[in-house]
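# Observations on the three-dimensional arrangement
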Amino acid sequence: MDHTPESPAADGGHADHGTPSVGPNTTRLIIRILIAVCVVVSLADFAYTKHGHFAFEQLPAFNSLYGFASYVFLVLTATQLRRILMRNEAYYD
Amino acid sequence: MTESVMGLSAWLPPGLLLVLGALLVPLLPKDAKAPFMLLLPLLGLAQVWLLPLGFTHDLALFGDLTLQTVRVDGLSRIFGTIFHIAAFVSILYALHQDDDLQFMAGIAYAGAAIAAVFAGDLITLFVYWELTAVTSVFLIWARRTEQATRVAQRYLVAQVLSGVLLLAGAVIRYQDTGSIAFVKMELGDLATWLIFLGFGIKAAFPLLHTWMKDAYPEATVSGSVFLSAFTTKLAIYSLARGFAGTELLIPIGVTMTAFPIFFAVIENDLRRVLSYSLNNQLGFMVAGIGIGTELAINGTAAHAFAHILYKGLLFMSMGAVLHKAGTIKASELGGLWRKMPWTTAFCIVGSLSISAFPLFSGFVSKSMILTAAAEGHHTIAFLVLLFASAGVCDHSGIKIPFFAFFAHNSKASELVKGEAPRSMLLAMGIVASLCIGIGVYPQPLYAMLPYDIGDYWPYDITHVVTQLQLLLFSALAFVFLQKVRLYPPELRSTVLDVDWLVRKPVAAVARWTTNESLVFITAMKEQAEANWGSLRGYLNRVAGPAGRWGEPWASGTTAMWTAIVLAGFLVIQFLR
């Protein structure tokens with residue numbers, strides 16, 4: 001085994017990054033807009049008659065919760081998979 | 001007009017115009033190359049649309065074997081159409097370089113794939129199936145690095161193996177049924193399993209998928225754009241033709257949507273992320289084929305059409321980044337949006353399309369497959385497809401544009417001088433327009449589908465709102481994970497996949513076997529040489545210059561023996 005999970009990339013790993021490419025005010029604005037739109041589309045479920053093929057689809061904001069949970073599960077599981085699957089960049093050479 | 005095109009298509013089936021045209025590319029003067037190459041797919045597309053639905057051409061070969069070299073129906077026409085469009089924009093995208101090899105390989109490859117979808121029998125299909133393999137491999141070799149050469153060899157083995165399985169299946173099927181017609185099959189006997197497996201390799205079924213994530217990121221900048229369009233969608237077409245409604249395809253497809261996205265999250269090479277993402281998109285199509293209803297098959301065809309465009313667009317944008325920045329590793333990129341604003345915008349259109357955002361192409365196609373899954377009450381499949389849709393939003397919707405163009409300013413963003421070449425931008429602009437066009441006005445795409453679409457319409461309020469919920473909350477989850485520092489950083493690394501088994505333990509066994517065989521062969525050779533040495537010594541003693549048989553004979557003796565032999569002949573002749 002040519003690595004330890006804690007130091008997966010012996011050649012330096014994460015490249016040194018500079019400043020954020022988008023200013024903090026713009027970032028904050030984008031996040032606020034995103035949160036606002038998320039609230040609107042979730043509350044929208046109360047404003048129309050939902051049709052679907054499964055009972056669980058009738059839950060208000062089901063897709064909001066499912067989307068958020070799926071995303072977090074996917075990313076955190078994949079991060080843990082790094083412990084098993086990640087090797088040095090030149091592993092196969 | 002139609003009649004003359006039908007006559008022409010008898011000896012020049014759709015697609016072959018491109019294959020033959022590719023051969024002329026190196027002979028043309030420099031200025032004539034670009035217009036000639038761009039004209040080929042346009043003429044080919046006209047040929048396809050001038051042929052009436054239901055047109056076939058049979059070619060009697062030998063015995064009672066008849067090939068059907070052309071078959072035009074709804075399914076072959078929609079794939080033939082998008083393949084021509086993909087060929088056109090891929091050629092346009094590639095015009096910044098002057099490598100004839102890549103143009104020839106790319107155009108012939110596109111032509112072979114087109115000819116394959118119009119093949120009416122399994123043998124004709126096999127011929128073009130293998131032609132796609134041997135033409136496309138040059139798009140990887142053309143990178144002209146040692147690594148690309150090795151990858152190309154692995155790619156070729158997988159592709160040719162897929163073709164060999166198809167041929168074996170076709171031959172057994174001919175023996176069993178007396179027919180080589182490429183029609184809907186029931187999975188059951190050896191022949192159909194072999195054909196199914198042959199299709200499955202090319203469609204990148206789970207565990208058979210690694211050739212794609214191995215090869216596509218190693219192709220040239222334009223090569224991966226060509227590659228992303230044809231091979232796997234030819235397999236999707238073939239599965240839709242041969243195995244629609246095969247229920248086994250539902251779990252296979254669903255696994256394909258969910259399994260590769262975990263790798264896409266932690267992979268550093270952004271073209272490899274796109275390859276995993278491609279695998280995930282194929283999963284939606286395979287699941288659609290498994291569901292097999294008219295809506296599901298329509299959804300699969302529509303999704304293949306939309307997917308070829310947005311996936312091509314994403315590969316184009318990442319190719320442009322690789323071309324300008326010299327790297328496509330997320331760990332080395334970031335902040336390119338100031339230098340490459342157009343490429344950034346086109347990439348975002350591709351990301352919104354693949355994420356199936358309302359008003360973009362993926363929405364109007366993927367929704368049909370999800371609706372078909374729900375209508376068939378495939379509950380688990382539906383939930384996994386929904387999970388995978390949130391996953392697409394991560395790796396292709398957010399990760400690709402975010403880490404290439406935004407995130408932090410990188411050294412690459414300082415070094416890059418400006419936008420991608422004009423031909424690249426033009427190609428990306430056309431494809432991005434199509435992605436939006438299909439999303440806003442899907443009717444022309446729907447009219448092209450193999451079955452009547454009825455009153456299906458994707459833009460009803462439930463569907464739009466629930467899809468927005470899924471995608472926007474996925475984006476919110478990204479922001480949340482970034483804020484709490486749980487989103488994995490991009491790291492220089494190799495992420496192992498199941499091909500590790502072949503490339504490490506199996507390769508080690510193969511190396512050991514080779515070494516041991518060499519030792520054995522060397523010993524055998526030494527023994528043989530020793531034996532040969534003693535045999536040669538004996539022959540030398542007996543028949544050599546000093547040997548008994550080597551002694552010069554007197555002329556008289558020779559004349560006597562000749563006379564005896566001749567006399568013998570005379571006696572035999574006399575006695576007959």
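Residues numbered from 1 in each chain as written. Chains lettered and ligands numbered in written order. Predicted model: local features only at pLDDT ≥ 70, side-chain atom pairs only at ≥ 80, totals over all residues. Heavy atoms only, no water.

## Describing the packing of aromatic side chains
Applying the stated criterion to the full structure yields 35 aromatic pairs over all chains. Seen in terms of ring centroids, Phe56(A) and Phe62(A) are 5.2 Å apart; in terms of plane orientation they differ by 40°. Their pairing is tilted. With relative accessibility at 12%, the residue Phe62(A) sits in the buried group. Ring plane angle 70° and centroid distance 5.3 Å describe the contact between Phe138(B) and Trp141(B), whose orientation is recorded as edge-to-face. Taken together, the residues span about one helical turn, with Phe138(B) and Trp141(B) both in helix H6 (residues 122-141) at a distance of 3 residues. (Phe/Tyr/Trp six-rings, centres within 6.5 Å; stacked < 30°, edge-to-face > 60°. Buried < 20%, exposed > 50% of the residue type's maximum accessible area, 1.4 Å probe, protein only. Helix = DSSP H or I, 4+ residues; strand = E, 2+ residues; numbered from the N terminus.)

## What to know about the environment of Pro60(A)
Residue and element names in this part refer to chain A. Mapping Pro 60 onto the fold places it in the loop between helix H1 (24-43) and helix H2 (62-85). Here Pro 60 falls in the partly exposed class, since its relative accessible area comes to 41%. Distance from Pro 60 to Leu 43, taken between C-alpha atoms, is 8.0 Å for residues 17 residues apart in sequence. If sequence neighbours within four positions are ignored, Pro 60 has contacts with Asp 45 and Phe 46. (Contact = heavy atoms within 4.5 Å.)

## Brief notes about the pairing of strand E2 (residues 65-71) of chain B
The buried count for E2(B) comes to 6 of 7 residues, which makes it a mostly enclosed element. The hairpin turn running from strand E1 (residues 56-62) of chain B into E2(B), its antiparallel successor, is 2 residues long, and Gly63(B) in that turn takes a positive phi close to 60°. (Pairing = 2+ DSSP bridges.)

## Examining the pairing of E1(B)
Two elements, E1(B) and E2(B), share 6 bridges in a ladder whose sense is antiparallel. When the bridges of E2(B) are listed, Thr56(B) appears paired with Arg71(B).

## Describing the pattern of salt bridges
Per the stated rule, a full pass over the model turns up 15 salt bridges over all chains. A salt bridge links Asp45(A) to Lys50(A), with the shortest nitrogen-to-oxygen separation between them at 3.1 Å. The buried category is assigned to Asp45(A), whose relative accessible area is 8%. Owing to a relative accessible area of 11%, Lys50(A) belongs among the buried residues under this scheme. Put simply, Arg503(B) and Asp499(B) hold a salt bridge, and the shortest N to O gap is 3.4 Å. Judged by its relative accessible area of 21%, Arg503(B) falls in the partly exposed class. Connected through salt bridges with shared partners, the residues Arg154(B), Lys213(B), Asp214(B), Asp499(B) and Arg503(B) form a single ionic network. (Salt bridge = Lys/Arg side-chain N within 4 Å of Asp/Glu carboxyl O.)

## Quick look at helix H3 (residues 30-50) of chain B
End to end, H3(B) covers 31 Å across 21 residues, agreeing with the expected 30 Å (1.5 Å per residue, within 8%). Of the surrounding secondary structure, the elements contacted by the buried residues of H3(B) are helix H1 (2-11), helix H2 (16-24), helix H4 (74-94) and helix H5 (100-117) of chain B. (Expected span 1.5 Å × (residues − 1).)

## Topic: the side chain of Ser224(B)
Residues and elements named next belong to chain B. Topologically, Ser 224 is positioned in helix H10 (residues 221-229). Of the polar contacts made by the side chain of Ser 224, one reaches the side chain of Arg 271; its length is 3.0 Å. The residues touching Ser 224, leaving out its near neighbours within four places in the chain, are Tyr 216, Ala 219, Arg 271 and Phe 315. (Polar contact = N/O pair within 3.5 Å; in protein donor to acceptor, adjacent residues only side chain to side chain.)

## Some details on the interface of chain A and chain B
Listed by partner, the interface residues are 59 residues for chain A and 69 residues for chain B. Together chain A and chain B conceal approximately 5700 Å² of surface at their shared face, both sides included; 67% is due to carbon and sulfur atoms. Here Glu89(A) makes a salt bridge to Lys329(B), at a shortest N to O gap of 3.0 Å. Between the two partners, chain A and chain B, sit 22 residue pairs in polar contact (both at pLDDT 80 or more). Of all the secondary structure elements, the ones that give two or more residues to the side of chain A that touches chain B are H1, H2 and strand E1 (86-87) of chain A. With 19 residues, H2(A) is the largest single contributor of residues to the side of chain A that touches chain B. A breakdown of the residues in the side of chain A that touches chain B according to their chemical character gives 32 nonpolar, 18 polar and 9 charged. As judged from the 2 bridges shared by E1(A) and strand E3 (residues 494-495) of chain B, these two strands associate in the antiparallel manner. Note on E3(B): the bridge partner recorded for Met86(A) is Val495(B). (Buried area = accessible area lost by both parts, 1.4 Å probe. Nonpolar A, V, L, I, M, F, W, Y, C, P; charged D, E, K, R; others polar.)

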